[in-house]
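Coordinate analysis (summary)
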Amino acid sequence: MIRALLTIDDVSSKNTPAIVDYLAEKNIPVIMFAVGQWAQNYPDQLIYALKHGIIVGNHSYTHPNFSALSIEECKKEIDQNEEVLNSFYEKAGVERKYRPFRFPYGDKGGANKDAIQQYLREKGFDKVKDTQFDYPWWKEKGLDKDIDTLWTFDFAEYNIRPNSGFTIDDVMKRIYEKNPGDGAPLLVDESDHLLLLHAHDETDELAPGYYKIFIEELMKNGVSFVEPEFISL
Ligand SMILES: [Zn+2]
């Protein structure tokens, strides 16, 4: 069996409710990571996700590269989005039990990396369980000690853009890739994964229902979608 936790970044968007409905229909658990500004642009869509019991984590307020920011700016990005998310949880009438964090672009902040990790720890962010990953690089990169949520497999479907030449077929190739340049090969029996997908309306316009296509491909290959679990360090 291949066990995978699905995460969906860059909510909210117009297509967020359709994604929520699809995942509910298929009984697929998910963690969504919201960008504060985008949640404010699509408030009803975020509340829809929250009311459907989805854990929504912090993905910064404006989606910058953290390595381009000062430590104070990094903290502000995190805190501003915390305020936004807290108020959305309140509006949705849902208790906020878990607070995972994901860096935009997986950029951990360069020279400020340790200071940001320390800040995430102080602020009580929750670490997504990763003790099941036996990829040597996960520990070599110290990812087992980091609070933020990285991934083991990136669909990279955000590359489907006008004139990019990147298509659904390229995502399919990634799914079947045995020696990926980054992350871990997906379809290896008895492996565990953290999957990265995005809720981009732009992708839906060019590849309608892209998320269904990829998720169904995974199910066809025996991937089992697991519930989010958290650990404390
Ligand atoms: Zn993002």
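Scroll up a little and you will see the structure.
The shown structure was predicted, so the numbers you read here are calculated from the model rather than taken from an experiment. (Residues numbered from 1 in each chain as written. Predicted model: local features only at pLDDT ≥ 70, side-chain atom pairs only at ≥ 80, totals over all residues. Heavy atoms only, no water.)

1. Considerations on the packing of aromatic side chains
Under the definition given, this model contains 14 aromatic pairs. Ring geometry for Phe101 and Phe125: centres 5.8 Å apart, planes at 70°, overall edge-to-face. One end of the pair, Phe101, is in the loop between helix 4 (71-92) and helix 5 (113-122); the other, Phe125, is in the loop between helix 5 and strand 4 (127-128), and 24 residues separate them in sequence. This pair shows no difference in class: Phe101 is buried, exactly as Phe125 is. Here the guanidinium or amino end of Lys91 rests over the ring plane of Phe88, the centre of that ring lying 4.6 Å away. (Phe/Tyr/Trp six-rings, centres within 6.5 Å; stacked < 30°, edge-to-face > 60°. Helix = DSSP H or I, 4+ residues; strand = E, 2+ residues; numbered from the N terminus. Buried < 20%, exposed > 50% of the residue type's maximum accessible area, 1.4 Å probe, protein only. Lys NZ or Arg CZ within 6 Å of the ring centre and 35° of its normal.)

2. Observations regarding the coordination of the zinc ion
Looking at the zinc ion, one finds its protein donor set to be Asp10 (OD), His59 (NE2) and His63 (NE2), positioned 2.0 to 2.1 Å from the metal centre. Considered as a linear motif, the donors of the zinc ion on their single chain read D-x48-H-x3-H. The class of His59 is buried, set by a relative accessible area of 1%. (Donors = N, O, S within 2.8 Å, 3.2 Å for Na, K, Ca; no water.)

3. With respect to the side chain of Arg102
Its location among the elements puts Arg102 in the loop between helix 4 and helix 5. When its relative accessible area of 0% is taken as the criterion, Arg102 is described as buried. A polar contact of 2.8 Å, which involves the side chain of Arg102, links it to the backbone oxygen of Thr149. Only 2.8 Å separates the side chain of Arg102 from the backbone oxygen of Leu150, close enough to count as a polar contact. Leave out the neighbours within four places in its chain, and Arg102 touches Thr7, Asp9, Phe33, Asn58, His59, Thr149, Leu150, Trp151, Leu194 and Leu196. (Polar contact = N/O pair within 3.5 Å; in protein donor to acceptor, adjacent residues only side chain to side chain. Contact = heavy atoms within 4.5 Å.)

4. Thoughts on the side chain of Asn81
Residue position: Asn81 is located in helix 4. In this structure, Asn81 is in contact with Ala34, Val35, Gly36, Asn58, His59, Ser60 and Tyr61, ignoring residues within four places of it in sequence.

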